Amino acid sequence: MKLSEVQRMLQAEVICGQEWLEKEAESACGADLMSDVLAFTKERTLLLTGLTNVQVIRTAELSDLLAVLFVRGKRPGQDVVELAMAKNIPLLVVDCTMYEACGILFSMGLRPCGKRVMEGDV
Amino acid sequence: MTSDQGLILEFALNKSDFDAAGEASSKIKRMLQQIGVKSDIIRRIAISAYEAEMNVIIHAQRGTIRAAIFPDRTEIVIEDEGPGIADISLAMKEGYSTAPDHIREMGFGAGMGLPNISRCSDEFDIQSTVNVGTRLKVLIRH
């Protein structure tokens, strides 16, 4: 699903990265635990989160996520936005809750990333 | 720096320096991209380095992260001075964590770090002495 479709369906505001909205999200993940994001997401995943700190952008950068969508109308600070711009990571914000945003995207066919980074036992 | 030990990148890490957390891993990732390592391999190296970097910043007093990049593999050694790990097998269990609440509020300290590093790596070795520090070595083949 293209980020532009995500934006349209959720009536999201684009904080930065307008020029990358034609990129395709292969899956999505809703999480406030960055440890889980690092363990469970695949590349080109859209992250929905209520966290707005700089670790969200670092997590997105290091695990090759496609974009970050902040829920519940939470906005990151300027330092976070600047890091996202430097790393070419689009940021969007929606007013609705995590549950609602995930539900809408799921019902429109954006699949979850239920797979670990690496399968197998520790 | 290039040597027989591979291409070496080394960075200092300090307790509670959350603003810098991830910078070392980001630089290692960028170097691997410039060299042309496959993206799925880079992703495993970057995730391992970042989790290890966060562990030092959360738990230790100070430490270093050192990546040695060879044509066929990357080795990462993370050494710290800190409280050490009393029970490594417990620390390797998903969900076990000693991180305080303010760390969890930042999205870390969920007890996923070491298991995730282990899962991402081809070789994983951890040595720790209580009240001295921890040494973690991981190897990921390209």
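Data block above holds the structure.
Rules behind the numbers
Residues numbered from 1 in each chain as written. Chains lettered and ligands numbered in written order. Predicted model: local features only at pLDDT ≥ 70, side-chain atom pairs only at ≥ 80, totals over all residues. Contact = placed C-beta atoms within 7 Å. Helix = DSSP H or I, 4+ residues; strand = E, 2+ residues; numbered from the N terminus. Nonpolar A, V, L, I, M, F, W, Y, C, P; charged D, E, K, R; others polar. Pairing = 2+ DSSP bridges. Axes fitted to C-alpha atoms, helices over the stretch in contact; angles between N-to-C directions. Parallel < 35°, antiparallel > 145°, perpendicular 65-115°, else oblique. Left-handed = near helix turned anticlockwise from the far one by under 90°. Buried ≥ 20, exposed ≤ 12 C-beta atoms within 10 Å, placed from the backbone.

Caption draft 1: Representation of the interface of chain B and chain A in the model. Between chain B and chain A, the contact holds 25 residues from the first and 23 residues from the second. Of all the elements in the fold, those that place two or more residues in the side of chain B that touches chain A are α1 (23–35), α2 (39–59) and α5 (113–120) of chain B. The biggest single contributor to the side of chain B that touches chain A is α2(B), with seven residues. A class-by-class count of the residues in the side of chain B that touches chain A yields eleven nonpolar, eight polar and six charged.

Caption draft 2: Main features of the sheet that holds strand β2 (residues 27–30) of chain A. Residue and element names in this part refer to chain A. Overall, mixed pairing links the five strands, which are arranged β1-β5-β4-β3-β2 in an open sheet. The two strands at the open ends of the sheet, each matched to only one other strand, are β1 (13–16) and β2. Sheet twist, expressed as the mean angle between neighbouring strand axes with direction ignored, is 25 degrees. The pairing of β1 with strand β5 (residues 91–93) spans three bridges and is classified as antiparallel. Paired with C16 across the two strands is L91, which belongs to β5. The sheet contacts of helix α4 (residues 78–86) involve β1 and β5, and relative to β1 the element is tilted by about 80 degrees.

Caption draft 3: Representation of the environment of G113(B) within the structure. You can see G113(B) is positioned in helix α5. Separated by 17 residues in sequence, G113(B) and V130(B) place their C-alpha atoms 19 Å apart. Once residues lying within four places of it in the same chain are set aside, the contact partners of G113(B) are S35(A), E51(B), M54(B) and N55(B).

Caption draft 4: Inspection of the packing of α2(B) against α5(B) at higher detail. All names here are of chain B. Interhelical geometry of α2 versus α5 gives an angle of 155 degrees and a closest axis separation of 9 Å. Considering the angle they form, α2 stands roughly antiparallel to α5. Pair α2 / α5 crosses with left-handed handedness. Side by side, α2 and α5 meet where R44, I47, S48, E51, A52, M54 and N55 of the first sit next to G113, N116, I117 and C120 of the second. Looking at the contact of α2 with α5 residue by residue, the class counts come to five nonpolar, four polar and two charged.

Caption draft 5: A look at unusual backbone geometry. With phi around 50 degrees, Q11(A) is a residue other than glycine that occupies positive phi space. With respect to the helices and strands, Q11(A) occurs in the loop between α1 (3–10) and β1. For Q11(A), a count of 9 C-beta atoms within 10 Å puts it in the exposed group. Positive phi, normally seen in glycine, also occurs at S16(B), with a value near 65 degrees. With respect to the secondary-structure elements, S16(B) resides in the loop between β2 (6–14) and α1. The class for S16(B) is exposed, based on 11 C-beta atoms found within 10 Å.

Caption draft 6: Up close: helix α3 (residues 54–62) of chain A. Burial analysis of α3(A) places nine of its nine residues in the buried class, the great majority of the element. Buried within α3(A) are the following residues: V54(A), Q55(A), V56(A), I57(A), R58(A), T59(A), A60(A), E61(A) and L62(A). Its buried side turned inward, α3(A) meets α2 (34–40), β3 (45–49), β4 (67–70) and α4 of chain A together with α1 and α2 of chain B. Downstream of α3(A) by one or two residues, D64(A) has phi in the positive range, about 55 degrees.

Caption draft 7: Molecular detail of the packing of α1(B) against α2(B). All names here are of chain B. Axis separation between α1 and α2 bottoms out at 9 Å; the angle between their running directions is 165 degrees. Taken together, the axes of α1 and α2 are roughly antiparallel relative to one another. Both α1 and α2 take part in a crossing whose hand is right-handed. Residues A24, S25, I28, K29, L32 and Q33 of α1 form the contact with α2, whose own contacting residues are I42, I45, A46, A49, Y50 and E53. For the contact of α1 with α2, the class distribution of residues is eight nonpolar, two polar and two charged.

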